[in-house]
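# Secondary and tertiary structure notes
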Amino acid sequence: RSYHLRRMMLRSLAVLVRQAGQAALAAAAWLWLAREAAASTQRPGLKLVAFGWILGISLAPEVAGQHQLVMTESLSFSALVGLVALALRWRRTGDVNLLWWSVPLVIMWVELRKSNVVVLAALVGVAALWWLYRLIVCRRSGGSGWDGAGDAGRLAGGIVKGVKEPADDRQAVAGTGRDTE
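On a predicted model such as this, the values are computed, not experimentally measured, just so you know. (Residues numbered from 1 in each chain as written. Predicted model: local features only at pLDDT ≥ 70, side-chain atom pairs only at ≥ 80, totals over all residues. Heavy atoms only, no water.)

### Observations regarding the pattern of salt bridges
Taken as a whole, this structure holds four salt bridges when the rule is applied. The salt bridge involving Glu36 is made with Arg92; its shortest N-O contact spans 2.8 Å. With Glu36 in helix 1 (residues 2–39) and Arg92 in helix 4 (residues 71–93), this residue pair connects regions lying 56 residues apart in the sequence. Arg92 gets classed as partly exposed once you look at its relative accessible area, which sits at 37%. (Salt bridge = Lys/Arg side-chain N within 4 Å of Asp/Glu carboxyl O. Helix = DSSP H or I, 4+ residues; strand = E, 2+ residues; numbered from the N terminus. Buried < 20%, exposed > 50% of the residue type's maximum accessible area, 1.4 Å probe, protein only.)

If you want it as structure tokens, here you go:
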């Protein structure tokens, strides 16, 4: 009789430890995503809104409740949130070494739910189409690959910096967005 009681208590303890671990991993992933979303914005007021909005989503009952149900669902969702945070960080910093961290997260995300393979295939397809589009646009506009979209890219860069005409690389003052003539 005491054997069964101890066994039941150990099972309950294992469930509590598993749920605490899932909750800690989920909290870390959502905090990382909120931090990266806030860091990706330029306006100070928007940083706070982005951070709060992401944390608000993480606390929604539909999201927070997943971490108590099925372990694979919780870990898969946390891996996806981590992948989005990693993508935001890569987009913000441009550090190619961050892409290596995506490999274990993608493997974890795909292995936990086999249906994620379909989503991954769709994402790879969209990325391939985007890459092909960029390659064609760059070649048509006279660019030399990934360094920009030729005149269109310089014009867009000039508009962003407040210049009405595209800057010629030979006449531009580095970092100012203004021509020297």
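### So, helix 2 (residues 44–58)
Helix length check: helix 2 (15 residues) gives 22 Å between terminal C-alpha atoms against 21 Å at 1.5 Å per residue, within 8%. Residues Ala50, Ile54 and Ser58 constitute the buried set of helix 2. Taken down its axis, helix 2 places every buried residue within 70° of arc, on the same side. Exposed residues on helix 2 whose side chains face more than 90 degrees from its buried face are Leu48, Val49 and Trp53. (Expected span 1.5 Å × (residues − 1). Arc of directions from axis to C-beta.)

### Details of the packing of aromatic side chains
Evaluation of the coordinates by the stated rule reveals one aromatic pair. Aromatic side chains Trp30 and Phe77 sit 6.0 Å apart centroid to centroid with 50° between the ring planes, which places their arrangement in the tilted category. Placement of the pair is Trp30 in helix 1 and Phe77 in helix 4, with a sequence separation of 47 residues. With relative accessibility at 8%, the residue Trp30 sits in the buried group. (Phe/Tyr/Trp six-rings, centres within 6.5 Å; stacked < 30°, edge-to-face > 60°.)

### Quick notes on the packing of helix 4 against helix 5 (residues 98–112)
Across the interface, helix 4 lies against helix 5 with an axial gap of 9 Å and an inter-helix angle of 160°. It follows that helix 4 is roughly antiparallel to helix 5 by the angle criterion. Between helix 4 and helix 5 lies a crossing of left-handed hand. In this structure, helix 4 uses Thr72, Leu75, Ser76, Ala79, Leu80, Gly82, Leu83, Leu86, Arg89, Trp90 and Thr93 to contact helix 5, whose residues at the interface are Leu98, Leu99, Trp101, Ser102, Leu105, Val106, Met108, Trp109 and Leu112. Of the residues in the contact of helix 4 with helix 5, the class split is 14 nonpolar, five polar and one charged. (Axes fitted to C-alpha atoms, helices over the stretch in contact; angles between N-to-C directions. Parallel < 35°, antiparallel > 145°, perpendicular 65-115°, else oblique. Left-handed = near helix turned anticlockwise from the far one by under 90°. Contact = heavy atoms within 4.5 Å. Nonpolar A, V, L, I, M, F, W, Y, C, P; charged D, E, K, R; others polar.)

Everything listed here is a matter of geometry and, on its own, says nothing about what the molecule does.
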